[in-house]
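In case you want the letters, here they are:
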Amino acid sequence: MSAPTSTPLPLAPPTRLAVLRQRLAGFDRVFLAILLVFAGVALLDHNELVPMGAFVVDAIAGIAPFLLAAVAIAAYAKASGADNLIADVFQGNAVTMIALAALFGGLSPFCSCGVIPLVAALLAMGVPLAAVMAFWIASPLMDPTMFFVTASVMGLPFAIGKTIAAIGIGAVGGYLTLALGQRGWLNDPLRDGVGNGGCAGGRVRTRKPTYWAFWQEAERRRLFAGEFGRVTLFLARWMTLAFALEFLMSTYIPATMIEAALGSGNAFAIPTAVLVGIPAYLNGYAALGLVSGLVDGGMASGAAMAFLLAGGVTSIPAAIAVWALARPPVFALYIVIAVTGALLSGLLFQLALG
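To start, this report covers the structure provided alongside it. (Residues numbered from 1 in each chain as written. Predicted model: local features only at pLDDT ≥ 70, side-chain atom pairs only at ≥ 80, totals over all residues. Heavy atoms only, no water.)

### Some points on the overall build of the chain
Right, so step 1: Each helix and strand counted, the chain has 17 helices and zero strands in total.
Right, so step 2: Of all 354 residues assigned to the chain, the portion counted as buried reaches 44%.
Right, so step 3: Partitioning the contacts of the chain with sequence separation of at least 6, the portion at a separation of at least 24 is 82%.
Right, so step 4: Per element, the accessible surface of the chain, about 17,700 Å² overall, is 68% carbon and sulfur. (Helix = DSSP H or I, 4+ residues; strand = E, 2+ residues; numbered from the N terminus. Buried < 20%, exposed > 50% of the residue type's maximum accessible area, 1.4 Å probe, protein only. Contact = heavy atoms within 4.5 Å. Areas by Shrake-Rupley, 256 points an atom, 1.4 Å probe, with all protein chains shown as cover.)

Okay, here's the thing in structure tokens:
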């Protein structure tokens, strides 16, 4: 006599919360954040909805030339293959390599894969940790696109100061790492099981030629057009959110409160900005709108600089990614260099302004 076959139990229908989560997962998070901001204003203070929309449109129109220039640079680097020049940076004498890595990290654009897998590839290939650290710290802080957008929102002196700070923090961090490494304190920087960098690692594993006159090839022209459209959409979304946040900051946070906590008259304004920047920083472009609104309310320029530098390197998403990649001593060094560099850079920038 055969054993009775069991009838599978019917699956429970998904809950409303699960259905909602599934639907939200398909939405672009930045676009969703923009909708939530405008919906919140419409619900809580509808009289400010139209002024906020006008503010965002006017702000984007004002920086449009900078955005187009930034997008063109990013698309050109992609289409010509200039972004593959990173392979040439991590060669030669360690001291020179660190300087070049910091410079390249502070000035070069990157693909959507991000810097974390690229760092994994470099370390897996045996590139010295000191050079990788210099590149690792400088790269999230500045690139050509960020420079143009920062100059349009915060002013050219601020953009130049942030660029110098990014390269400087990266270089100092690299040389400090070199000194510690020579004492044998930073062996085996990667965690067990970390791969060799995925798609971003191809830039250093396989040296590809650069075609400066990319328009002579149909495939590269298509690549340029695709990258131009992708970066334009990326910046348009983030800058819309950035200026919406700026409007909220300038409208709803009293200037006296900002000046008391983060103004130049407060001796702890810059350290406070560093501490606040770590959890509050979401994205470089959104942060610009946030900081611009704070500066309009009385935030000191040095505090603004410290906020952007600290948040750019040690924001919670970036810190989690670094923690997943590097062993604890390397992670701790990364955080110390970033926080100390942001603090000192903010103080120096404030002193330079007088």
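### With respect to the nonpolar core
Right, so step 1: The biggest cluster of nonpolar side chains holds 89 residues, and the ones touching the most others in it are F90, M133, W136, M239, M299 and F307.
Right, so step 2: Not counting residues within four places of it along the chain, the set of residues in contact with M239 comprises I63, L67, V149, V153 and Y285. (Core = buried A, V, L, I, M, F, W, Y, C linked by side-chain atoms within 4.5 Å.)

### Some words on the packing of aromatic side chains
Right, so step 1: As enumerated under the stated definition, the model contains nine aromatic pairs in all.
Right, so step 2: Ring geometry for F214 versus F224: centroids 4.9 Å apart, planes at 20 degrees, classification stacked. Remark: F224 occurs in helix 11 (residues 218–252) and F214 occurs in the loop between helix 10 (198–205) and helix 11; sequence separation between them is 10 residues.
Right, so step 3: For F214, a relative accessible area of 8% translates into the label buried.
Right, so step 4: The class for F224 is partly exposed, based on a relative accessible area of 22%.
Right, so step 5: Linked through ring pairs, Y76, W212, F214, W215, F224 and F228 together constitute an aromatic cluster. (Phe/Tyr/Trp six-rings, centres within 6.5 Å; stacked < 30°, edge-to-face > 60°.)

### So, the layout of surface pockets
Right, so step 1: Space inside the second largest pocket adds up to approximately 360 Å³.
Right, so step 2: Forming the boundary of the second largest pocket are 18 residues, of which A165, I169, G341, S345 and L348 lie nearest the centre.
Right, so step 3: Going through the elements one at a time, helix 9 (156–182) and helix 17 (328–353) are the ones with two or more residues in the lining of the second largest pocket.
Right, so step 4: Sorting elements by how many residues they give to the lining of the second largest pocket places helix 17 first, with nine residues. (1 Å grid on protein atoms, 1.4 Å probe; cavity = no way out; pocket = protein on both sides within 12 Å on 5 of 7 lines; lining within 4 Å. Points joined across faces, edges and corners; volume = space filled by probe spheres on them.)

### Concerning the side chain of R237
Right, so step 1: Considering the arrangement of structural elements, one finds R237 in helix 11.
Right, so step 2: Sequence-distant contacts of R237, that is, excluding residues within four places in its chain, are made with D28, V30 and I34.

So, to be careful, I would describe these as geometric facts and stop short of saying anything about function.
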